[in-house]
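Per-entry structural report
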Amino acid sequence: MSNRETRRVLTLEDMAYLSQRVRALEPYALGIWERDRLWAVVLAAQMEAKTRAEREAVAEARGALQILDAIERHFVRR
């Protein structure tokens, strides 16, 4: 990133909004951005998944969380 570029900044409220809009996370949505709790819920669902469809749905949720983690790491100001 060059000095002339400006870096966009997101808040935790923005992250909550994004996580609520991801269809793969709808069954696990907490309403607020609590990264660790959301990961715990998704990983618990993975351990309980019995059918192929359930495993695929959890895999999509994991992928969505990985993307949100990257967004948080790069764009959320603490």
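Our subject in this report is the structure included herewith. Bear in mind the structure is a predicted one, so any value in this text is a computation, not a measurement.

The next point concerns helix α3 (residues 52-75). An ideal rise of 1.5 Å per residue puts 34 Å on 24 residues; α3 measures up with 34 Å between its terminal C-alpha atoms. Those residues of α3 not exposed but buried are Val58, Ala61, Ala64, Leu65, Leu68, Asp69 and Glu72. Summarising the contacts, the buried residues of α3 are in contact with α1 (12-21) and α2 (35-48).

Turn by turn, an α-helix covers 3.6 residues, leaving residues three or four places apart pointing in a common direction. With 14 residues, α2 extends 20 Å between its outermost C-alpha atoms, agreeing within 8% with the 20 Å of an ideal straight helix rising 1.5 Å per residue. Within α2 the residues assigned to the buried category are Leu38, Trp39, Val42 and Ala45. One face of α2 carries all of its buried residues, which in axial projection span an arc of 125°. Exposed residues pointing more than 90 degrees away from the buried face of α2 are listed as Asp36, Met47 and Glu48. Lining the buried residues of α2 we find α3.

Analysis parameters
Residues numbered from 1 in each chain as written. Predicted model: local features only at pLDDT ≥ 70, side-chain atom pairs only at ≥ 80, totals over all residues. Heavy atoms only, no water. Helix = DSSP H or I, 4+ residues; strand = E, 2+ residues; numbered from the N terminus. Expected span 1.5 Å × (residues − 1). Buried < 20%, exposed > 50% of the residue type's maximum accessible area, 1.4 Å probe, protein only. Contact = heavy atoms within 4.5 Å. Arc of directions from axis to C-beta.

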